[in-house]
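Structural overview for review
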Amino acid sequence: MSLPGLDCWYRFIKSHDLAELKAMLHPDVVFESPVVHTPQRGADITFKYLASAIKVLNGDSFRYLGEWRGDKSAVLEFATEIDGITINGVDIIKFAEDGRILHFKVMVRPLKAMNLLHRLMGEQLAMQ
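The rules behind each value
Residues numbered from 1 in each chain as written. Predicted model: local features only at pLDDT ≥ 70, side-chain atom pairs only at ≥ 80, totals over all residues. Heavy atoms only, no water. Helix = DSSP H or I, 4+ residues; strand = E, 2+ residues; numbered from the N terminus. Rg over C-alpha atoms; globule rule 2.2 N^0.38 Å. Buried < 20%, exposed > 50% of the residue type's maximum accessible area, 1.4 Å probe, protein only. Contact = heavy atoms within 4.5 Å. Areas by Shrake-Rupley, 256 points an atom, 1.4 Å probe, with all protein chains shown as cover. Salt bridge = Lys/Arg side-chain N within 4 Å of Asp/Glu carboxyl O. Phe/Tyr/Trp six-rings, centres within 6.5 Å; stacked < 30°, edge-to-face > 60°. pLDDT = per-residue confidence, 0-100. Core = buried A, V, L, I, M, F, W, Y, C linked by side-chain atoms within 4.5 Å.

1. Some thoughts on the overall build of the protein chain
Check the secondary structure of the protein chain and you find four helices and six strands. For the protein chain, the sequential pattern of α-helices and β-strands runs α-α-β-β-α-β-β-β-β-α. For the protein chain, whose C-alpha radius of gyration is 14 Å, the value lies close to the compact-globule estimate of 14 Å for 128 residues. Considering only C-alpha atoms, the protein chain reaches an extent of 40 × 30 × 25 Å along its principal axes. Counting across all 128 residues of the protein chain, residues that qualify as buried make up 43%. In the protein chain, of all internal contacts separated by at least 6 residues, the share reaching a separation of at least 24 is 47%. Approximately 7000 Å² of the protein chain is accessible, and the part contributed by carbon and sulfur atoms is 54%.

2. Points about the pattern of salt bridges
Across all of its chains, the model carries five salt bridges by this definition. Close ionic contact of Glu-97 with Lys-72 constitutes a salt bridge, the shortest N to O distance being 3.3 Å. Note that Glu-97 is positioned in the loop between β5 (85-95) and β6 (101-109) and Lys-72 in the loop between β3 (63-69) and β4 (73-82), a separation of 25 residues in sequence. The exposure class assigned to Glu-97 is exposed, which follows from its relative accessible area of 69%. Measuring nitrogen to oxygen at the nearest pair gives 2.8 Å for the salt bridge that ties Arg-100 to Asp-98. A residue is classified by how much of its surface remains accessible, and Arg-100, at 28% relative accessible area, is partly exposed. Judged by relative accessible area, Asp-98 falls into the partly exposed class, the value being 47%.

3. A few points about the packing of aromatic side chains
Under the definition given, this model contains seven aromatic pairs. Here the aromatic rings of Trp-9 and Phe-12 are separated by 5.5 Å at their centres, their planes lie at 50°, and the arrangement is tilted. In this pair, Trp-9 and Phe-12 are both assigned in helix α1 (residues 4-15), three residues apart and thus about one turn of the helix distant. As far as the burial class goes, Trp-9 and Phe-12 line up, both buried. Judged by centre distance (5.7 Å) and plane angle (80°), the ring pair of Tyr-10 and Tyr-64 falls under edge-to-face. Placement of Tyr-10 in helix α1 and of Tyr-64 in strand β3 is noted, with a sequence separation of 54 residues between them. The class for Tyr-10 is partly exposed, based on a relative accessible area of 23%. The exposure class of Tyr-64 is partly exposed, given its relative accessible area of 21%.

4. So, the confidence of the model for the protein chain
In this model, the protein chain carries an average pLDDT of 94, and 99% of its residues clear a pLDDT of 70 or more. Highest mean pLDDT in the protein chain belongs to strand β1 (residues 25-32) (98); lowest belongs to helix α4 (residues 111-126) (89).

5. Quick word on the nonpolar core
Counting residues in hydrophobic clusters, the biggest one holds 36 residues, and the most contacted among them are Trp-9, Leu-21, Leu-57, Ile-87, Ile-101 and Phe-104. By residue number, the principal contributor to this core is helix α3 (residues 43-57), which donates eight residues. Contact partners of Leu-57, with chain neighbours within four places excluded, come to Phe-62, Phe-78, Thr-80, Ile-82, Ile-87 and Leu-117.

This is how it looks when you write it as structure tokens:
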């Protein structure tokens, strides 16, 4: 099953090209963070969260462990290690008809990893 939007996502993960990320986001995209209670709506705020997450999470140890596809969606399990703490999570991505990202939800475990991620993401977002 072909998902052009997912192919774009994988290219972005390798390139870290922020212009590519911005182009992938639907204007009405919704981002759901594992630590922020309310969904974040719109391309600008979603861009800030995803750009920050790439800086925080996508180091040398980052890898996708599995992938499950639907007609217009994908679930990607990932793992990375930061400061000796293994972060395990999933990206749940839904795509619009045109292939752009319409909904992006992140879930993370364990609690120690989520607390670390909360602190690091807060610091990264504050720098933007």
